[in-house]
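# Observations on the model geometry
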Amino acid sequence: MNEHDMRYVTLIGTPLAQSYAARMHNAAYAAMGAALHYTYCEAGTEHLGEIVAGLRHIPCIAGFAVTKPNKVKVLEYLDAADTLCGRIGACNTVVKTPDGALIGYNTDAEGFKKALAASGVNVCGKTAFCIGSGGAGRAIAFALADMRCGRIYLSSLHGASAETLAEDINAYYPGAAEAAGAGGCEKISACGIVINASGVGMGESAGISPIPAAALRAGQLCFDACYNPAKTRFLADAEERGCTVMNGLEMSLWQGARQIELWTGRQAPIAAMREALREK
């Protein structure tokens, strides 16, 4: 493989020290024999527009991935977004077309759906509580609505974003979502599914849970979009109280597989990706 033929994708976000994305993607490209390499770009929203503009004009850039806290803001700097991405209002994948246009996609929603399906979880008719209304929370909440979850209570750690997200969901799925207010803890015990999509529990907030352990009860499914650490404080609390727990590793796998398909036009090697994610 000629090194001058190599193309690159990068993940823009912060913090990134906990991310397994590069190891997963690069294992996939090696298994495929693809001249593509995945790297990291640690950056928040402050200079996001300039970074995106720069990537647009670098010929060897095939596209880029987007994570916290940039998934909503990045849409301002793209040329277009596919229907699902526009509906969700958050983008985690950008494809650069041959003419230099930047097109946004959301693969998080599909990743979440496939992760639940792989675990045999059916959310139809159930009640869910989701804390976190940023990029990941938007994708997860829209996925729940699309899977005909009976009721989705939304909470946010910052501002009125839960109210905005509930309005956005209800525009497509009338009556599916309701903002639970700050914390919204009084709603949690009545829900069969409890989700942490806030990012609290990883990086500098490792060891902290945004959901009080006392609000959880046996029999609930508790999902944390974080996967490093593998068992966050939230999931440890949930397990102690008799809940079924899932972290975000399978979601990361399946959303990454869809990204690879978008960037290469080829089927992703799931086995190689899963093996890379399991490396210590």
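Computed from a predicted model, the values in this text were never measured in an experiment.

With that settled, consider the pattern of salt bridges. Enumeration according to the criterion identifies 14 salt bridges in this entry. K73 is the salt-bridge partner of E76, the closest N and O atoms lying 3.3 Å from each other. On the basis of relative accessible area, K73 is assigned to the partly exposed category, the value being 30%. For R233, the salt bridge is made with D237, and the minimal N-O distance between the two is 3.0 Å. In this pair, R233 and D237 both sit in helix α8 (residues 233-240), 4 residues apart, roughly one turn of the helix. Under the relative-accessibility criterion, D237 is labelled buried at 12%. Sharing partners across several salt bridges, the network here consists of E110, K114, R258 and E261.

What follows is about the sheet that holds strand β12 (residues 244-246). Here we have 6 strands laid out as an open sheet, ordered β9-β8-β7-β10-β11-β12, and parallel in their pairing. At either end of the open sheet lies a strand with only one pairing partner, and these are β9 (177-179) and β12. Direction aside, the axes of adjacent strands within the sheet are offset by 20° on average. Bridge count between strand β11 (residues 221-224) and β12: 3 bridges; the pairing is parallel. By the bridge assignment, L221 is partnered in β12 with T244.

Any two packed helices are characterised by the angle at which their axes cross and by the distance between the axes. At their nearest, the axes of helix α4 (residues 108-118) and helix α5 (residues 135-146) sit 8 Å apart, and the two run at 55° to each other. Here α4 is positioned oblique relative to α5, judged by the angle of their axes. Considering the relative orientation of α4 and α5, their crossing is right-handed. Packed against α4, whose contacting residues are D108, A109, F112 and K113, the element α5 presents A139, I140, A143, L144 and D146 at the interface. Grouping the constituent residues of the contact of α4 with α5 by class yields 6 nonpolar, no polar and 3 charged.

Criteria and cut-off values
Residues numbered from 1 in each chain as written. Predicted model: local features only at pLDDT ≥ 70, side-chain atom pairs only at ≥ 80, totals over all residues. Heavy atoms only, no water. Salt bridge = Lys/Arg side-chain N within 4 Å of Asp/Glu carboxyl O. Buried < 20%, exposed > 50% of the residue type's maximum accessible area, 1.4 Å probe, protein only. Helix = DSSP H or I, 4+ residues; strand = E, 2+ residues; numbered from the N terminus. Pairing = 2+ DSSP bridges. Axes fitted to C-alpha atoms, helices over the stretch in contact; angles between N-to-C directions. Parallel < 35°, antiparallel > 145°, perpendicular 65-115°, else oblique. Left-handed = near helix turned anticlockwise from the far one by under 90°. Contact = heavy atoms within 4.5 Å. Nonpolar A, V, L, I, M, F, W, Y, C, P; charged D, E, K, R; others polar.

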